[in-house]
Amino acid sequence: LQVTVSVAAGTTVRTKDGEIHAEAGGSVTVVFPEAGPQVLRIEQPGSSYRSIKVSVISLPDVRATLCAEVDAARDTRLAAPLTVGGVTLNGDATAQRNIAEAAIQGAFAVMRGETGWSKVWITEGNLSVSLSAADLEAFATEIGERRSLEYAAARSAKDAILAAASVSAAIAVRDAHLAGS
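Tracing the backbone through its elements, the reader meets Arg 146 in helix H3 (residues 133–163). For the buried Arg 146, no salt bridge is present, and the opposite-charge side chain at shortest range is Glu 142, 4.5 Å distant. With sequence-adjacent residues up to four places away left out, Arg 146 is seen in contact with Arg 77, Leu 78, Ala 79, Ala 80, Pro 81 and Leu 82.

So, in structure tokens, the structure goes:
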């Protein structure tokens, strides 16, 4: 497990066992035998030393955390408001279920010959609108398409995180996924 620190010229970095890792400036990589809290002692000429506590996290632990962040971002995007035909409805799980149920009701009404069937709905902006069976079908389709796209994008990002050879590479994948949202 590695930790990289940037230090000024003439700095000495020691671990708790007294091992010297650098006496020059720049980036210093310290290898620790295990994950968990570690201490680095930073010594600069002419001044007192300071100790820095670092939490060393293993790549598998980082991967698990980053995958959970990708899942959380996916779930947040799935619950975002939905806009179809200029009408915006809430997009949380309850709203999605209500839209699906109303779309089914509308489809059955149309099959019975009730071509003018509609349902009054409260928009995300708290306005009342009348939605036809076709409108509700369009919202239900949007929910399904969004779900497919978000799950595929999250799966792809998590696969790349799990394949990453380093912590920085795994973080870069997560960051790229979140930026592309």
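Text resumes after the structure shown.
Moving on to a nonpolar patch on the surface. A cluster of nonpolar side chains, Ile 104, Phe 108 and Met 111, forms an exposed patch at the surface whose accessible area comes to about 350 Å². Topologically, Ile 104 is positioned in helix H2 (residues 93–111).

The subject of this paragraph is the pairing of strand S10 (residues 128–132). Along a regular strand, successive side chains alternate from one face of the sheet to the other. Sheet analysis places strand S9 (residues 118–122) next to S10, joined by 5 bridges and oriented antiparallel. Pairing of Trp 121 across the sheet is with Val 129, part of S10. As consecutive antiparallel partners, S9 and S10 are separated by 5 residues, and within that stretch Asn 126 has a phi angle of approximately 70°, a positive value.

Procedures and definitions
- Per chain, the residues get numbers from 1 upward, laid out in the order the sequence is written.
- For this predicted model, a pLDDT threshold of at least 70 governs which residues receive local features, and a threshold of 80 or more governs which side-chain atom pairs are given and counted, while totals over whole chains, interfaces and linings are taken from all residues.
- Working from all heavy atoms in the structure, the side-chain values ignore hydrogens and water.
- Secondary structure elements follow DSSP: runs of H or I of four or more residues count as helices, runs of E of two or more count as strands, with numbering from the N terminus.
- Each residue's exposure class comes from its accessible area (1.4 Å probe, protein chains only) as a fraction of the maximum for that residue type: buried when under 20%, exposed when over 50%, partly exposed otherwise.
- For this count, His and the chain ends are skipped, Lys and Arg are scored as positive, and Asp and Glu as negative.
- The term salt bridge refers to a pairing of a side-chain nitrogen on Lys or Arg with a carboxyl oxygen on Asp or Glu at a separation within 4 Å.
- Whether two residues touch is decided by their heavy atoms; if any such pair falls within 4.5 Å, the residues are in contact.
- Residues enter a patch when their relative accessible area is above 30% and they make no salt bridge; the linking distance is 9 Å between like charges and 5 Å between nonpolar side chains (Val, Leu, Ile, Met, Phe, Trp, Tyr).
- Note on areas: these come from Shrake-Rupley sampling with a 1.4 Å probe, and a residue is covered only by the protein chains present in the view.
- For two strands to pair, DSSP has to find at least two bridges joining them.

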